[in-house]
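# Observations on the three-dimensional arrangement
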Amino acid sequence: MWSPDSVRTPQYYYFNFIDMSKFTKKIGVIGGMGSEASAKYYNDLIKICQKKYFAVQDRDYPAIIIYNLPLEDFDENGNFNPVTATKQLKEAAIGIEKAGADFIVIVCNTIHALYDKVQESVSIPVISLIKEVGDSVVKQNCKVVGLLTSDSTKNLKLYVNELAKHNIKSIETTKEEQLEMNNIVLKAMSGKNTHTETRQVKKIISRMVSDGAQAIILGCTEIPLVISQENTDVLVFDSTKILAEVALVKAL
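Residues numbered from 1 in each chain as written. Predicted model: local features only at pLDDT ≥ 70, side-chain atom pairs only at ≥ 80, totals over all residues. Heavy atoms only, no water.

A few words on the packing of aromatic side chains. A full pass over the atoms with the stated rule returns 2 aromatic pairs. When the centroid spacing of 5.2 Å and the interplanar angle of 75 degrees are considered together, the rings of Phe 23 and Tyr 53 count as edge-to-face. Note that Phe 23 is positioned in the loop between helix 1 (10-19) and strand 1 (27-31) and Tyr 53 in the loop between helix 2 (35-52) and strand 2 (64-68), a separation of 30 residues in sequence. This pair shows no difference in class: Phe 23 is buried, exactly as Tyr 53 is. With a centroid separation of 5.4 Å and 75 degrees between ring planes, the pair formed by Phe 74 and Phe 80 is classed as edge-to-face. One Lys or Arg, Lys 250, reaches over the ring of Phe 103 and ends 5.8 Å from the middle of that ring. (Phe/Tyr/Trp six-rings, centres within 6.5 Å; stacked < 30°, edge-to-face > 60°. Helix = DSSP H or I, 4+ residues; strand = E, 2+ residues; numbered from the N terminus. Buried < 20%, exposed > 50% of the residue type's maximum accessible area, 1.4 Å probe, protein only. Lys NZ or Arg CZ within 6 Å of the ring centre and 35° of its normal.)

Written as structure tokens, this is what we have:
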């Protein structure tokens, strides 16, 4: 007799029978910075489960607690008050821990400037997005990397400092390119990005490659909404997708 399980492939059964792989930990997600990027993150989690872990039934996916935080005093126009932002992030992290999450991810690059303070507020691990992306670059043995980020992440030098720990050279945007990127990020946040923005990003990537970049970090969770590996021959490190991959491994 046919059953829903009959659509599973032989590889699915092999994977689950041999490895006994099942998501046993709850993923806690602090999102909303911005909401469109957080939606992509959730979708990345689902797609990776399907492709890498052969998920079909509801039970094949991990438990995920999402806190969509409408963060005040923080935006892409340069408004960033670390005191009030920290207070809100701590409240979100504590709430997620009380809800039963086993660890936390924050779907925003810039806010990792406050990573230590968030980690101090809870007893469960908070995954560092910046560190995980840096580790991914190291594994690919890249020595020169172009950085596409928001204005705030660039000014805080989050990736420049992380990559420097591994003796990796960063190629940053020019002043004019960063103004373009700021506008591109805002369009992505409002769902108004088009092929025009994709072409603009590809042009900046091309300049970075001509200056020696071996790969590009998409160091803002909105940028993967505009460009992906499918749009370019240059190796890209999608910070959102990397965070999803790491979270799923930790959830097993």
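Take the sheet that holds strand 2 next. A sheet is described by the order of its strands in space; here 3 strands give the open sequence 2-1-3, paired in parallel fashion. Edge positions in the open sheet fall to strand 2 and strand 3 (103-106), since each of these has one partner strand only. Averaged over all pairs of adjacent strands, the angle between strand axes in this sheet comes to 20 degrees, irrespective of strand direction. Relative to strand 2, strand 1 is paired through 5 bridges, and the arrangement is parallel. From the neighbouring strand, Val 29 faces strand 2, where its bridge partner is Ile 66. Against the sheet, helix 2 engages strand 1, strand 2 and strand 3, with an angle of about 170 degrees to strand 2. (Pairing = 2+ DSSP bridges. Axes fitted to C-alpha atoms, helices over the stretch in contact; angles between N-to-C directions. Contact = heavy atoms within 4.5 Å.)

Okay, helix 5 (residues 129-139) next. The complete set of buried residues in helix 5 reads Leu 129, Ile 130, Val 133, Gly 134, Ser 136 and Val 137. All buried residues of helix 5 project into a common sector of 155 degrees when viewed along the axis, lining one side. Summarising the contacts, the buried residues of helix 5 are in contact with strand 3, strand 4 (144-149), helix 7 (158-164), strand 6 (215-219), strand 7 (235-238) and helix 10 (239-251). Remark: Asn 141 follows helix 5 within two positions and exhibits a positive phi of approximately 60 degrees. (Arc of directions from axis to C-beta.)

Our focus in this paragraph is the packing of helix 8 (residues 175-189) against helix 9 (residues 195-210). Closest axis-to-axis distance for the helix 8/helix 9 pair is 10 Å, and the angle between their directions is 145 degrees. In the crossing of helix 8 with helix 9, the sense of the turn from one axis to the other is left-handed. Seen from helix 8, the contacting residues are Glu 177, Glu 180, Met 181, Ile 184 and Lys 187; seen from helix 9, they are Glu 197, Gln 200, Val 201, Ile 204 and Arg 207. Class assignment for the residues of the contact of helix 8 with helix 9 results in 4 nonpolar, 1 polar and 5 charged. (Left-handed = near helix turned anticlockwise from the far one by under 90°. Nonpolar A, V, L, I, M, F, W, Y, C, P; charged D, E, K, R; others polar.)

Another aspect to go through is unusual backbone geometry. The peptide bond linking Met 33 to Gly 34 adopts the cis configuration, its omega dihedral lying at 0 degrees. Mapped onto the elements, Gly 34 comes out in the loop between strand 1 and helix 2. With a phi angle near 55 degrees, Lys 157 is a residue other than glycine that sits in the positive phi range. The residue Asn 167 is not glycine, and still its phi comes out positive at about 60 degrees. Along the chain, the position of Asn 167 falls in the loop between helix 7 and strand 5 (169-171).

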